[in-house]
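# Topology and contacts: notes
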Amino acid sequence: MKFGVFLGPFHRVGENPTLAIERDLELVEWLDKLGFDEAWIGEHHSAGWEIISSPEVFIAAAAQRTNRIKLGTGVVSLPYHHPLMVANRMVQLDHMTYGRVLFGVGPGALPGDAYMMGIPHELQRERMDESLGIILRLFTETEPITYQSDWFELKEGLLQLRPYQRPYMHTAVASVQSPAGVTLAGKHGCSVLTITVPRDPSAGPSDLQGLWSIAEESAAEHGNTMNRDDWRLVLPCHLAETRKEALDDARMGAGRYLREYSEGTNGRKAVFDGPLDKVIDHMADTGSWIIGTPDDCIEALERLGEQSGGFGAFLVQTIDWAPREKMLRSYELMARYVMPPFPGQRTRHRGLKPVGGRSSGRTGQRTGSRHRPRPQAYADRAG
């Protein structure tokens, strides 16, 4: 299984943006050293939390600081751009990174972004669908393309460069646990990048298997196939030597993130009406976030495997909610104690189901736990 991050990024409004972006670059360097597989970078233009407006510019800088980690747009909001410009920038990045670039797309997440550009929100997904179809044609076709839309025009459009990766870089459609996103992924033969959002616990767990079935049905209808190994699940996560330490590290930062960004900026329905300093306990207890030790993280991934039927990559939704050294330590703990059981063994370890097969372990059973260090041992192994 692959591991990576989904870097919005999330920096609380009011802090120094120059230093925040620098920390994001330093984080990607750290992840590269630790052996993480991927980092996906977002595009946003309003609200002040997610301050990277061009993931392509960030990726170009990050590529110069790293050696192995793949760098993806997480995501390019397709309705905001002419498809030819998006295709050209991605192909240029593909060459500049020697094939380390990934292409993530979406309709645009923040209402303020579309409003400033005069884009009706009800047209965003439709325009994303139309744009993605043209971009994939530009990646693969060698004859000029002429196309007339109600929001862009292409006259004998043709890329000067062919993609470095053949036929083109890995492409994923972001989906916030909705049928629309996975339907489009299946239609265009792309992978799915599922971003989890806080839910009312009374509604029960997300129907991940149902979403995957929709993606497979859409793919079959359009002559494509879906691959679970390319399915990425995104979830906030923070690890420490003990669960108490992990909770305390991000206690106030997590509360502010949920109240100020998720419920405030995005206007999502409140999922917890208790005190600010108890938000993180609630979100951890309900499984909305992974907060605890590496053992807790492994068990959470086991549950996600059972819940989804099997997936191929786990991405940490990176939130700037703890002291810098604590956040860096969290990723180190993941690399040292969570990642080793999984790479190349998704169908055999930790109860994750193989494609079309049965789990190697029973739901809730911690297979092989005697081989893992216990939580109290992490501090002893530090250094």
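Per chain, residues are indexed from 1 in the order of the written sequence. Residue-level local features of this predicted model are given only where pLDDT is at least 70; pairs of side-chain atoms are given and counted only at 80 or more, and the full residue set underlies all totals for whole chains, interfaces and linings. Note: side-chain values were computed over all heavy atoms of the structure, leaving out hydrogens and water.

The protein is annotated in an unreviewed UniProt entry as Limonene 1,2-monooxygenase from Geodia barretti.

With that settled, consider the overall build of the protein. The helix and strand labels rest on DSSP assignments: H or I over at least four residues marks a helix, E over at least two residues marks a strand, and numbering proceeds from the N terminus. A tally of helices and strands in the protein yields 13 helices and 13 strands. The buried label goes to any residue with under 20% of its type's maximum accessible area, the exposed label to any with over 50%, and the partly exposed label to all in between, with areas taken from a 1.4 Å probe on protein chains only. Put simply, the protein has 383 residues, and 55% of those count as buried. Throughout, a residue-residue contact means that at least one pair of heavy atoms, one from each residue, lies within 4.5 Å. At a minimum sequence separation of 6, the contacts of the protein that also span at least 24 residues come to 73%. Within the structure as shown, the protein displays about 16300 Å² of accessible surface, and the carbon and sulfur contribution to it stands at 51%. Only the protein chains shown count as cover for residues, and the accessible areas themselves come from Shrake-Rupley with a 1.4 Å probe.

Turning to the pairing of strand β10 (residues 232-235), a few remarks are in order. Two faces, one strand: in a regular strand the side chains alternate between the faces of the sheet. On β10, burial covers both faces: R232 and V234 on one face and L233 and L235 on the other are all buried. Two strands qualify as a pair provided that DSSP identifies no fewer than 2 bridges between them. Bridging between strand β9 (residues 191-195) and β10 involves three bridges; their strand directions are parallel. Bridging across to β10, T194 finds its partner in L233. In this sheet, strand β13 (residues 313-319) lies alongside β10 in parallel orientation, the contact comprising four bridges.

Mapped onto the secondary structure, E143 falls in the loop between α5 (124-140) and β6 (145-148). Note on E143: relative accessible area 56%, which makes it exposed. For the pair E143 and L158, spaced 15 residues apart in sequence, the C-alpha separation works out to 7.0 Å. Non-local contacts of E143, meaning those with residues more than four positions away in its chain, are made with G157 and L158.

So, about the nonpolar core. F3, F36, F103, F139, L301, F314 and M334 are the most contacted members of the largest nonpolar core, which totals 77 residues. In terms of residues, this core owes the most to one element, α5, which gives seven residues. As used here, the term nonpolar core means buried Ala, Val, Leu, Ile, Met, Phe, Trp, Tyr and Cys residues forming a set that is joined through side-chain atoms within 4.5 Å. Core analysis: the next-biggest nonpolar cluster, separate from the first, contains 23 residues, A250, V271, M283 and M327 among them.

What counts as a disulfide here is a pair of cysteine sulfur atoms lying within 2.5 Å. By the definition in use, this model includes zero disulfides. No disulfide involves C237; its sulfur sits 4.2 Å from that of C297, the nearest cysteine. C237 sits in the buried class, given a relative accessible area of 6%.

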